[in-house]
Amino acid sequence: MTAAFLAAGLSAAAPLASPALAADVDGAVTADTYSTSTRLSHTNGSNSKVAVGGTDGANRVAYMRFNAETKVGKSTELELKLRVNGGTEGILRILQGPSSWAESSLNAANAPAAGNLIKTVNVKGGTETLTIALTGLESASNGLNIVLERTDGGVTRIDSREAQSSNAPSLSTKNSTPPQVGGLEPAPVPEDVIETTPDVDSDANCTVSEILVPNCGIWFGAAANPLKGESWDQALLNFEQTAERPMDIAHYYKRGQSAMFPNNNELNRQNEQDANRILFYNWKPSGLTWKEVADGKADTYLKSLAQHMSSNASQKFFLSLNAEMEDEVNQAAGSGQTAKDYANFYRHVVKVLRDNGASNMVTVMNYTGIQKWGEMSWFEELYPGNDVVDWIAQDPYAFGKPPVWLTDMEGMVNRTHNEKTWPGFYNWAAEKYPSKPQMLAEWGVDEDAAYPSYKADFWETASEQLQDLPKLKALVYWDSMGVTPNGDKLSVGITQVDSKASSLNAFQDFLDEDYINVARESFLNK
């Protein structure tokens, strides 16, 4: 979608990259893009996929144009091929498209209205190739235009011409001469027949394990700090409005030996219609050392909590215990806060909760994860054992000075000053505990005036880099203005995603990537 459409007689802004993009081939797609209702001025013409519909409150309408060297009339029998590559089950609507739009500039504010409904098609969700017989369309002077929409609350993602492969959309007519790749092919399919060809690796086969590990894509969640004095619950909703989608994970912090969780408000967020979320709790004791908890001094509370969880937590949820424990370690004899004391604390809490009915918790071993702690002689003594740990997490932040601290996604999750003494947390955990999925349980990207394009650049490269980090299966963002409620400056900086317009735009584009959506679309939305 990077070049201007050629069939309209406009000059191209970029060279065509593959035969599938060749506008002089009859039936080849020459332009494809989509509008997003919640982002009025945003264009999507360079995306490798076009999105249709939406499960997040944002409605997307796709526009496609095909080269038509011979005039197409309503009686012309056509065959449309679309490679669906992500989304949810439902109904895709095909309409006559207007001619007055350009791939490089179409947005929700200027998108022209579609014409008559031509056909509806059932889509399975996931990955499939649709072969659709059509009549009733008419070409214009710049080619044949169609519009795709969904009105059933679902979403469909389709490979665009920017995918630069044979999977680009194409049209053909009956009895046409087979041309080169990307052009017309004979279409003997009767008008009322729709063929679908599912793939072996279809996203429809995406599953989530008993410990909430998605085998497709990655979870994205948040701990949204109140920015203007609102409640934490309202802050989550505000963040989701900014993000233009529900969070997969809602992160809550619990302290002391009185809180019962999940509470009703949190359960409402978990079960909210069209916005289901996985709950994630971080519990830390108050007034007790790790050794005292391991010795049973919090057992009365823990047993009550387990019974509450058993009665109220009908869905799986994440639980971490005293996250970022490293800076609380005191190796002095009798401190009750040694690394081994922590391991015993963790084991004991998990055992008491499990033995008293908390069967739906998924445990998270949540480190800070920086090199300073990883090189400590006691660091590996913190680990309580594979039998009580389901996931391993770190809390990295991208802030400070480049290249070690102000870095990209890959650099952030594997931050190191010296690879010989510390390989980076992701690498360490992957090698030490290869069976454990990994999570960023709390993380953020700073907005630093000294590096004005950094934050946007981070988001623009993050999705691709995540696919090279297959152990990472959940990201839980920390959205903050960079100061505490008391006004003290936080060292990790301004992680607020809308700290600047360009940063927000890049973040929203990141959240629109298939890899960030497929887990939700294949599991939570169902």
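It should be emphasised that the depicted structure is a prediction, and the values quoted were computed from it without experimental measurement. (Residues numbered from 1 in each chain as written. Predicted model: local features only at pLDDT ≥ 70, side-chain atom pairs only at ≥ 80, totals over all residues. Heavy atoms only, no water.)

**Concerning the overall build of the protein**
Link 1 in the chain: Scanning the protein from N- to C-terminus turns up 11 helices and 20 strands.
Link 2 in the chain: In the protein, the share of contacts with a sequence separation of at least 24, taken over all contacts with a separation of at least 6, comes to 77%.
Link 3 in the chain: Carbon and sulfur atoms provide 47% of the accessible area of the protein, an area that totals close to 21300 Å². (Helix = DSSP H or I, 4+ residues; strand = E, 2+ residues; numbered from the N terminus. Contact = heavy atoms within 4.5 Å. Areas by Shrake-Rupley, 256 points an atom, 1.4 Å probe, with all protein chains shown as cover.)

**Looking at the packing of aromatic side chains**
Link 1 in the chain: The full count for this structure, using the stated rule, is 37 aromatic pairs.
Link 2 in the chain: Both rings, one in tyrosine 281 and one in phenylalanine 317, keep their centres 6.0 Å apart while their planes meet at 75 degrees; by these two values the pair is edge-to-face. Placement of the pair is tyrosine 281 in strand E14 (residues 278-284) and phenylalanine 317 in strand E15 (residues 317-321), with a sequence separation of 36 residues. Of the two residues examined, tyrosine 281 and phenylalanine 317, each falls in the buried class.
Link 3 in the chain: Directly above the aromatic system of tryptophan 101 lies the positively charged group of arginine 65, at a separation of 4.1 Å from the ring centroid. (Phe/Tyr/Trp six-rings, centres within 6.5 Å; stacked < 30°, edge-to-face > 60°. Buried < 20%, exposed > 50% of the residue type's maximum accessible area, 1.4 Å probe, protein only. Lys NZ or Arg CZ within 6 Å of the ring centre and 35° of its normal.)

**Overview of the state of the cysteines**
Link 1 in the chain: On inspection of all chains with the given rule, the structure shows 1 disulfide.
Link 2 in the chain: Note on cysteine connectivity: cysteine 206 is disulfide-linked to cysteine 216, with sulfurs 2.1 Å apart. As the torsion about the S-S bond is roughly -95 degrees, the cysteine 206-cysteine 216 disulfide counts as left-handed. Separated by 10 residues along the polypeptide, cysteine 206 in the loop between strand E11 (194-198) and strand E12 (219-224) and cysteine 216 in the loop between E11 and E12 bring together distant segments of the chain. Just as cysteine 206 is buried, cysteine 216 falls in that class too. (Disulfide = S-S within 2.5 Å.)

**Some points on the layout of surface pockets**
Link 1 in the chain: In this model, the largest pocket occupies a volume close to 730 Å³.
Link 2 in the chain: Taken together, 28 residues form the lining of the largest pocket, with Ser48, Ser463, Gln467, Glu513 and Asp514 sitting closest to its centre.
Link 3 in the chain: Looking at the lining of the largest pocket, the elements with two or more residues in it are strand E2 (49-53), strand E4 (78-87), helix H9 (454-466), helix H10 (501-511) and helix H11 (514-524).
Link 4 in the chain: Top element by residues in the lining of the largest pocket is H9. It accounts for 5 residues.
Link 5 in the chain: Per-class residue counts for the lining of the largest pocket are 8 nonpolar, 10 polar and 10 charged.
Link 6 in the chain: Each pocket or cavity is described by its volume, and for the second largest pocket that value is around 620 Å³.
Link 7 in the chain: Taken together, the residues of the lining of the second largest pocket break down into 11 nonpolar, 5 polar and 8 charged. (1 Å grid on protein atoms, 1.4 Å probe; cavity = no way out; pocket = protein on both sides within 12 Å on 5 of 7 lines; lining within 4 Å. Points joined across faces, edges and corners; volume = space filled by probe spheres on them. Nonpolar A, V, L, I, M, F, W, Y, C, P; charged D, E, K, R; others polar.)

**What about the pattern of salt bridges?**
Link 1 in the chain: Counted according to the given criterion, the structure contains 27 salt bridges.
Link 2 in the chain: Across the pair arginine 60 and aspartate 512 runs a salt bridge, and its minimum N-O distance is 3.3 Å. Note that arginine 60 is positioned in strand E3 (residues 60-66) and aspartate 512 in the loop between H10 and H11, a separation of 452 residues in sequence.
Link 3 in the chain: Since its relative accessible area comes to 4%, arginine 60 is described here as buried.
Link 4 in the chain: Given a relative accessible area of 14%, aspartate 512 falls into the buried group.
Link 5 in the chain: Here glutamate 521 makes a salt bridge to arginine 157, at a shortest N to O gap of 3.0 Å. With a gap of 364 residues between them, glutamate 521 in helix H11 and arginine 157 in strand E9 (residues 155-159) connect regions that are remote in the sequence.
Link 6 in the chain: Salt bridges sharing common partners tie together Lys49, Arg60, Arg157, Asp512, Asp514 and Glu521. (Salt bridge = Lys/Arg side-chain N within 4 Å of Asp/Glu carboxyl O.)

**Describing the side chain of threonine 416**
Link 1 in the chain: By the element assignment, threonine 416 lies in the loop between helix H7 (409-413) and helix H8 (425-432).
Link 2 in the chain: The buried category is assigned to threonine 416, whose relative accessible area is 17%.
Link 3 in the chain: There is a polar contact of 3.4 Å between the side chain of threonine 416 and the side chain of glutamine 371.
Link 4 in the chain: Not counting chain neighbours up to four residues away, the residues in contact with threonine 416 comprise Gln371, Val404, Trp422 and Gly424. (Polar contact = N/O pair within 3.5 Å; in protein donor to acceptor, adjacent residues only side chain to side chain.)

**A few points about the confidence of the model for the protein**
Link 1 in the chain: Mean pLDDT for the protein: 87, with 88% of residues reaching 70 or above.
Link 2 in the chain: In this model, residues 1-24 is a region of pLDDT below 50 whose contacts with residues beyond four sequence positions or in other chains number 64 contacts.
Link 3 in the chain: Low confidence marks residues 177-202, where pLDDT is under 50. Its contacts with residues over four positions away, or in another chain, come to 70 contacts. (pLDDT = per-residue confidence, 0-100.)

**Focus on empty space enclosed by the protein**
Link 1 in the chain: Enumeration according to the criterion identifies 5 cavities of 30 Å³ or more in this entry.
Link 2 in the chain: A volume near 60 Å³ is recorded for the second largest cavity.
Link 3 in the chain: For the second largest cavity, the full set of lining residues is Thr368, Gly369, Ile370, Gln371, Gln394, Asp395, Pro396, Met412, Val413, Arg415, Trp422 and Phe425.

**Concerning the packing of helix H4 (residues 299-312) against helix H5 (residues 339-355)**
Link 1 in the chain: Relative orientation of the contacting elements H4 and H5 amounts to 50 degrees, with a least axis distance of 8 Å. In terms of their interaxial angle, H4 and H5 are classed as oblique. Note on packing geometry: the crossing formed by H4 with H5 is right-handed. Residue-level contacts link Asp299, Leu302, Lys303, Leu305, Ala306 and Met309 of H4 to His348, Val349, Val352 and Leu353 of H5.
Link 2 in the chain: Among the residues making up the contact of H4 with H5, the classes are represented as 7 nonpolar, 1 polar and 2 charged. (Axes fitted to C-alpha atoms, helices over the stretch in contact; angles between N-to-C directions. Parallel < 35°, antiparallel > 145°, perpendicular 65-115°, else oblique. Left-handed = near helix turned anticlockwise from the far one by under 90°.)

**Description of the packing of H9 against H10**
Link 1 in the chain: One way to put it is that H9 packs onto H10 with a least axis distance of 7 Å and a crossing angle of 10 degrees. Relative to H10, the element H9 is oriented roughly parallel. Relative to H10, H9 is oriented so that their crossing is right-handed. Residues Lys455, Ala456, Trp459, Glu460, Ala462, Ser463 and Leu466 of H9 pack against Ser502, Ser503, Ala506, Phe507 and Phe510 of H10.
Link 2 in the chain: Grouping the amino acids of the contact of H9 with H10 by side-chain chemistry returns 7 nonpolar, 3 polar and 2 charged.

**Describing the environment of alanine 339**
Link 1 in the chain: Within the secondary structure, alanine 339 is located in helix H5.
Link 2 in the chain: Once the C-alpha coordinates of alanine 339 and tryptophan 290 are considered, the two residues, 49 residues apart in sequence, prove to be 9.4 Å apart.
Link 3 in the chain: For alanine 339, the contacting residues outside a window of four places in its chain are Val329, Gln331, Trp378, Glu381 and Leu382.

**A closer look at unusual backbone geometry**
Link 1 in the chain: The omega torsion across phenylalanine 261 and proline 262 is 10 degrees, close enough to zero to call that bond cis.
Link 2 in the chain: In this structure, glutamate 244 takes a positive phi of about 65 degrees despite not being glycine.
Link 3 in the chain: Locating glutamate 244 in the fold gives a position in the loop between helix H1 (232-243) and strand E13 (249-255).
Link 4 in the chain: The exposure class assigned to glutamate 244 is buried, which follows from its relative accessible area of 11%.
Link 5 in the chain: Although it is not a glycine, glutamate 324 sits at a positive phi angle of roughly 55 degrees.
Link 6 in the chain: Inspection of the secondary structure assignment puts glutamate 324 in the loop between E15 and H5.

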